[in-house]
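# Inside the fold
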Amino acid sequence: MLFLASSSPRRQELLRAANLDYQLITPGPEVEGSGVPIELAVQRAHSKALGAPWAPELGAGFVLGSDTVVELGGVEFGKAADRAEALRMLLQLGGFEHQVHTAFALVERPSGRVVEGVVTSRVSLPSREPSELMAWLDSGGWRGKAGAYGLQDPECAATLIAGDRNAVIGLPVEAVCVALEQCRRGLGGNPS
């Protein structure tokens, strides 16, 4: 059984679209780690999966934690705390190609064995004036999104330059499926 340790509606949608059965559980607390943005994404994915409350009655399964960060020039652009921060992020990212790192951690329960991965994509946003961003900011669509934008939101006009669209949206589904199959084989499960 797959247990998704996330409150992200986008991750849930991506798993449903991939026809993966899962049960939603509370993610563990995000750690305030140190390092470059890609390392922070990995640390947070681990903390969400490893720190998710686990009860023996859930049985055996795999807990999936994930984290997405936007990086420009070595600086992390996480989720904006408010509208002003969202505007600042969008103005800084506008006109530049940047990286989006989405890390995931699969924790086998009850053993605690961890399989992890990270997918990096390149994205660009158009350069815009603050007045051009007001409708997006008014919509609230920036909330809960790294960099205050969504690749899937046409209002953002984000362009995927290279990489995995699903990873930018919030979960590298293909990489997770490969890791999940490796985990199942490691458990002696049927590889077919």
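The rules behind the values
- Residues numbered from 1 in each chain as written.
- Predicted model: local features only at pLDDT ≥ 70, side-chain atom pairs only at ≥ 80, totals over all residues.
- Heavy atoms only, no water.
- pLDDT = per-residue confidence, 0-100.
- Helix = DSSP H or I, 4+ residues; strand = E, 2+ residues; numbered from the N terminus.
- Contact = heavy atoms within 4.5 Å.
- Phe/Tyr/Trp six-rings, centres within 6.5 Å; stacked < 30°, edge-to-face > 60°.
- Buried < 20%, exposed > 50% of the residue type's maximum accessible area, 1.4 Å probe, protein only.
- 1 Å grid on protein atoms, 1.4 Å probe; cavity = no way out; pocket = protein on both sides within 12 Å on 5 of 7 lines; lining within 4 Å.
- Points joined across faces, edges and corners; volume = space filled by probe spheres on them.
- Nonpolar A, V, L, I, M, F, W, Y, C, P; charged D, E, K, R; others polar.
- Core = buried A, V, L, I, M, F, W, Y, C linked by side-chain atoms within 4.5 Å.

## What about the confidence of the model for the protein?
Across the protein, the average pLDDT comes to 92, with 97% of residues at or above 70. In the model of the protein, helix 6 (residues 173-186) stands out as the element of lowest mean pLDDT, 89, in contrast to strand 7 (residues 159-162), which has the highest, 98. For residues 188-192, every residue scores under 50 in pLDDT, and the model assigns this stretch 5 contacts once sequence neighbours within four places are set aside.

## A short note on the packing of aromatic side chains
This model, assessed by the stated rule, comprises 1 aromatic pair. Between F3 and W54 the ring centres are 4.9 Å apart and the planes differ by 90°, which places this aromatic pair in the edge-to-face class. One end of the pair, F3, is in strand 1 (residues 2-5); the other, W54, is in the loop between helix 2 (37-50) and strand 3 (61-72), with 51 residues separating them in the sequence. Judged by its relative accessible area of 1%, F3 is buried. The partly exposed category is assigned to W54, whose relative accessible area is 24%.

## Some words on empty space enclosed by the protein
Applying the stated criterion to the full structure yields 1 cavity of 30 Å³ or more. Looking at the lining of the largest cavity, its residues break down into 6 nonpolar, no polar and 2 charged.

## Some words on the nonpolar core
If you look at the biggest cluster of nonpolar residues, it comprises 41 residues, and the most contacted ones within it are L2, L15, L64, L90, L106 and Y149. In this structure L90 touches L125, L133, W136, L137, G147, A148 and Y149, once residues within four positions along its chain are discounted. Grouped together as the second largest cluster of nonpolar side chains are 12 residues, F3, A5, A41 and A49 included.

## Some points on the environment of V31
Looking at where V31 falls in the secondary structure, it is placed in the loop between strand 2 (23-25) and helix 2. Expressed as a C-alpha distance, the spacing of V31 and Q43, which sit 12 residues apart in the sequence, is 7.1 Å. Apart from residues no more than four positions distant in its own chain, V31 is found in contact with Q43, R44 and S47.

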